[in-house]
Amino acid sequence: MEAVGERGNLAGVGHILLVLSGKGGVGKSTISTELALALRHVGKKVGILDVDLCGPSIPQMLKVQGKGVHQCDSGWVPVFVDQDKSISLMSIGFLLEKPDDAVVWRGPKKNALIKQFISDVTWGDLDFLIVDTPPGTSDEHISTVESLHPYKPLGAVLVTTPQAVSVGDVRRELTFCKKTGLQVIGIVENMSGFVCPHCLECTNLFSKGGGEELARHAGVPFLGCVPLDPQLTQSLEEGRDFIQEFPKSSAFPALAHIAQQILDRTSPQGS
Amino acid sequence: MVSHVWCRVLCAGLCPVALCRLQGWGSAAFSSRSLSSSTNDEFLKEKRAQIMSRGLPKQKPIEGVKQVLVFASGKGGVGKSTTAVNIALALAAHDSTKAVGLLDADVYGPSIPKMMNLKGNPELSPKNFMRPLKNYGIACMSMGFLVEETAPVVWRGLMVMSAIEKLLRQVDWGQLDYLVIDMPPGTGDVQLSVSQNVPVTGAVIVSTPQDIALLDARKGAEMFRKVRVPVLGLVQNMSVFQCPKCKHETHIFGADGVRGLAKTLGLDVLGDIPLNVNIRETCDAGQPIVISQPQSDMVSLVLCT
């Protein structure tokens, strides 16, 4: 990736990927985390930037809640999730005195912190930087996209659940991406069906097909359906590596496929 | 270590008040200033009090509205809108003499129009107030009526504050016994604007049982404590899924987490609503379950809440 002017702390980052949704609770943080774990498993170095200032979930999902942030000459050192330093993470969760502290901030304060997260974290050399966002199209999104613009992000992965109220919000997010010049890498339909572990009957709790239909309608790639998987939920609660520990689980093939499509996109022969 | 980090954050231009974990008022207009190492505590306290008294809007009731109930969560996608809509309908169904209004304060992702099967631009009254759209006897107002369905609302906080002010005060609500406000996820501009502008009778916090959601729900409760809004209790949504074929129960999002949080915070669990396809289907169709299937078990659970 060519350098664009002064890249500073993002100079060593290969590809920047944003995970967006208009809707809350569709699984942005889940997809961000699992994508990072899947990319790590194929030998990539990944950073995760959690810009959800009001509800930072990623430290818990990677079992690094409560860790402190250290400083060096060039800025803040991200928290490493493992000994190999293959996944690093920055989140407001690490800056709170207590994990339960509420961050009740208006826009300008959020903007200032996001700008610092982007310019002052010493990511070092990364293959991918995944940016997990809160729901909506608000200050956090505007500031993040504006601040990342000079670094030419690879694009955005949009996450939705299949039901109409989610798809409606994600449709708006697609328009946001178009207006800000952010390329849409594709749409993920999460919580797409639940297979009863007892009788194997599949119930479309949150409907089915809404995300795929939206992708078709908007002319963007459809990256896949991820089913509701209690093992995935539990793995995230406990901060475990789902990709490593539950390869036979129902959500695994879908998540692996999504990661593969991202890798294909960034390979020298890919589009 | 953490205090060093906060110093850097401050020097980037945030107000020194942020350091002291104040009452979460977060300001829209603090100017940046540099921190000298010899800042006096007394001076700081005085400055803080000055800024605080200048910065806070005056709380004023909405004319004609008796009680304001907000449905919130720190977390997105836990069912705030679904619960708010069904509870509003349940309040009206329970006592037909009560007038109920529903305000969708989620300016970025308004769900109420779809759930209440309402479309169209609000008319203006002779006093230039927006007339709420009505369905199932509930007066509704939402950003969704004011923008196109596919148009995103890409606004910074100040615009959002102004919009919330208008949605609260420039709507011809008439005489309402209850105004139910459906909040967006998070603990930011919208929540602050609503709590600071109108006296809120109480807040209901909705959450799913999983830890990740509870983390945020707890922050939501903390936020209401900071802005002095009483929390009426918690609602545990998506508590358990019963397979329609074999009746096997699966706790997809964990078990009973909300009860644990309620105990820790000294709050009541107002209701426990299971995952049921009918709730989602009826909301998507614009016929919430309290209206379309009033005899169902789900509705009795909602009515108990």
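Residues numbered from 1 in each chain as written. Chains lettered and ligands numbered in written order. Predicted model: local features only at pLDDT ≥ 70, side-chain atom pairs only at ≥ 80, totals over all residues. Heavy atoms only, no water.

Asker: What should I look at first to understand the sheet that holds strand β1 (residues 13-20) of chain A in this one?
Answerer: Hydrogen bonds between backbone groups are what pair the strands of a sheet, and the pairing can be parallel or antiparallel. All names here are of chain A. Overall, mixed pairing links the 8 strands, which are arranged β5-β6-β2-β7-β1-β8-β9-β12 in an open sheet. Both edges of this open sheet fall to β5 (79-80) and β12 (222-225), since each of them pairs with a single strand only. In the sheet, strand β9 (residues 184-189) pairs with β12 via 3 bridges, with the strands oriented parallel. Note that in β12 the partner of I187 across the bridge is F222. Relative to the sheet, helix α5 (residues 164-180) contacts β1, β8 (155-160) and β9, its axis offset from that of β8 by approximately 170°. In the packing of helix α6 (residues 210-218) onto the sheet, contacts are made with β8, β9 and β12, and the angle to β9 comes to roughly 155°. (Pairing = 2+ DSSP bridges. Helix = DSSP H or I, 4+ residues; strand = E, 2+ residues; numbered from the N terminus. Contact = heavy atoms within 4.5 Å. Axes fitted to C-alpha atoms, helices over the stretch in contact; angles between N-to-C directions.)

Asker: Looking at this model, I keep getting lost on the interface of chain A and chain B. Mind explaining?
Answerer: Accessible area lost when the parts come together is the quantity often used to give the size of an interface. On the chain B side, the residues contacting the 69 residues of chain A number 69 residues. Between chain A and chain B lies a buried interface of about 6200 Å² when both sides are counted; carbon and sulfur atoms form 61% of it. The largest share of the area that chain A buries against chain B comes from A:V104, A:R106 and A:R172, three residues that together contribute 14% of it. Remark: the boundary between chain A and chain B carries 3 salt bridges. Where B:D189 meets A:R106, a salt bridge forms, and the shortest distance between an N and an O atom there is 3.2 Å. Connecting chain A to chain B are 23 residue pairs in polar contact (both at pLDDT 80 or more). Mapped by element, the contributors of at least two residues to the side of chain A that touches chain B are α2 (58-61), β3 (70-72), β4 (75-77), α3 (107-119), α4 (139-148), α5 and α7 (230-237) of chain A. (Buried area = accessible area lost by both parts, 1.4 Å probe. Salt bridge = Lys/Arg side-chain N within 4 Å of Asp/Glu carboxyl O. Polar contact = N/O pair within 3.5 Å; in protein donor to acceptor, adjacent residues only side chain to side chain.)

Asker: Explain the environment of A:R240 here, please?
Answerer: All names here are of chain A. Of note, R240 is situated in the loop between α7 and α8 (242-245). When the C-alpha atoms of R240 and V188 are compared, they prove to be 22 Å apart, with 52 residues separating the residues in sequence. Excluding residues within four positions of it along the chain, R240 makes contact with L37, M61, S235, E245 and F246. Separated by 2.9 Å, the side chains of R240 and E238 make a polar contact.

Asker: What am I meant to see in the UniProt feature "binding site: [4Fe-4S] cluster" (unreviewed entry) in chain A here?
Answerer: On the UniProt side, "binding site: [4Fe-4S] cluster" (unreviewed entry) is annotated at positions that read A:C196 and A:C199 here. Its location among the elements puts A:C196 in the loop between β10 (194-195) and β11 (202-203). Setting aside residues no more than four positions away along its own chain, A:C196 makes contact with A:E201, B:C243, B:C246 and B:H248. Assignment of secondary structure puts A:C199 in the loop between β10 and β11. Not counting residues within four places of it along the chain, the set of residues in contact with A:C199 comprises B:C243, B:K245 and B:C246. (UniProt positions renumbered as here; feature names shortened; annotations may be inferred.)

Asker: Honestly, the confidence of the model for chain B in this entry has me stumped. Any pointers?
Answerer: All names here are of chain B. Residues with a pLDDT of 70 or more make up 81% of chain B, whose mean pLDDT is 80. When the elements of chain B are averaged for pLDDT, helix α1 (residues 2-11) gives the smallest value, 29, and strand β2 (residues 100-104) the largest, 96. Across residues 1-37 the pLDDT falls below 50, and counting only partners more than four positions away or on other chains, this stretch makes 68 contacts in the model. The complex prediction reports pTM at 0.81, with the ipTM value standing at 0.80. (pLDDT = per-residue confidence, 0-100.)

Asker: Looking at this structure, I do not really get the UniProt feature "binding site: ATP" (unreviewed entry) in chain A. What am I missing?
Answerer: Mapped onto this structure's residue numbering, the UniProt feature "binding site: ATP" (unreviewed entry) falls at A:G22, A:K23, A:G24, A:G25, A:V26, A:G27, A:K28 and A:S29. Here A:G24 is in contact with A:P135, B:G76 and B:G77, once residues within four sequence places are set aside. The topology assignment puts A:G25 in the loop between β1 and α1 (28-41). In this structure A:G25 touches A:M191, B:K75, B:G76 and B:G77, once residues within four positions along its chain are discounted.

Asker: What's the story with the packing of aromatic side chains in this structure? I'm lost.
Answerer: Geometry of an aromatic ring pair is reported as the spacing of the ring centres plus the angle between the planes. Throughout the structure, instances matching the rule amount to 3 aromatic pairs over all chains. Centre to centre, the rings of A:F194 and B:F241 are 5.2 Å apart; their planes meet at 85°, and the pair counts as edge-to-face. Here the residue A:F194 occupies a position in strand β10, and B:F241 occupies one in strand β7 (residues 231-242), the pair thus bridging two chains. (Phe/Tyr/Trp six-rings, centres within 6.5 Å; stacked < 30°, edge-to-face > 60°.)

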